[in-house]
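Structure assessment
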Amino acid sequence: MILNELIKGNEKFRNSQFLELEDELKDLVEHGQKPEVLFIGCSDSRVTPDLMLNSKPGDMFILRNVGNFVPPYKHDEDYHGSAAAIEYAVAVLKVKHIVVCGHSHCGACKSLYEDIPVTDSLVHVKTWLKLGAKAKERTLKNKKFNTEEEMYRATERNSIRYQLENLLTYPDVKRLLDEGELKVHGWYYDIQTAKIDYYDSKDDKFKPLSEFTYEP
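Remember, predicted model here, so these are calculated numbers, not experimental data. (Residues numbered from 1 in each chain as written. Predicted model: local features only at pLDDT ≥ 70, side-chain atom pairs only at ≥ 80, totals over all residues. Heavy atoms only, no water.)

Brief notes about the pattern of salt bridges
Evaluated as defined, the whole model comprises 15 salt bridges. Between Lys74 and Asp76 there is a salt bridge; the shortest N-O distance is 3.6 Å. Where Arg175 meets Glu179, a salt bridge forms, and the shortest distance between an N and an O atom there is 3.5 Å. What makes Glu179 partly exposed here is its relative accessible area of 46%. Look at the salt bridges and you will find they share partners, linking Arg138, Arg161 and Asp204 into a network. (Salt bridge = Lys/Arg side-chain N within 4 Å of Asp/Glu carboxyl O. Buried < 20%, exposed > 50% of the residue type's maximum accessible area, 1.4 Å probe, protein only.)

Right under this line is the structure:
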């Protein structure tokens, strides 16, 4: 049973990796976290930010939701979990980078082409998927796909483009970006190969992350 494996996994972690990180974690507790990166990724169980980026505790503030969607800024008294995480990362933690990371074989992007039933079981999912509507619209303008899988891969990348647009509706994000105090990045992770492409907004293309050069 997987739950038993998780329990054993915690014991293994405490007796191995934790011992190597113990001093760093004590320092993070004493002085607080100071991550430089807000990583916005999908809740998909196959996406593992710490593993795929070889990061350590304290490196990234992580927000995960269905489809790695970024809801546009909206000031009201409703509950906005993703928006709250973005605001906290920018205003309190003062991150220097925001990475919106999509991935291959994304169930949320595929669901954009399926008829989601209107039931109490999926009422929030149906509403949430509206955040992918623009990605689907852009994708369908291209009629050159040979298979549905090609269409889904294109949708996943197009979604990253529009989630980055939504990110700029947050006042602090836009202001800090204009002032050069914050950088935003769009990444695309291929689950089958572990390769990551980055979005080059100047060329409007995705390119291998190994070609990315960062200039502070």
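What about the pairing of strand β1 (residues 37-42)?
Judged by how many residues are buried, β1 sits mostly within the fold: 6 of 6 residues are covered. Of the strand pairs in this sheet, β1 and strand β2 (residues 60-65) are connected by 6 bridges, and their pairing is parallel. Across the sheet, residue Ile40 finds its bridge partner in β2, namely Leu63. (Helix = DSSP H or I, 4+ residues; strand = E, 2+ residues; numbered from the N terminus. Pairing = 2+ DSSP bridges.)

Remarks on the nonpolar core
Counting 24 residues, the largest nonpolar core has Leu38, Ile40, Ile86, Val95, Ile98, Leu167 and Val173 as its most contacted members. Secondary-structure elements contributing two or more residues to this core are β1, β2, α4 (81-92), β3 (97-103), α8 (148-167) and α9 (171-178). Counting residues per element, this core draws most heavily on α4, which supplies 5 residues. Among all residues touching Leu167, those that are not within four sequence positions of it are Ile40, Val70, Ile86, Ile98, Val100, Val173 and Val184. In terms of nonpolar packing, the next biggest core, distinct from the first, is built from 11 residues, Val47, Met52, Met60 and Ile196 among them. (Core = buried A, V, L, I, M, F, W, Y, C linked by side-chain atoms within 4.5 Å. Contact = heavy atoms within 4.5 Å.)

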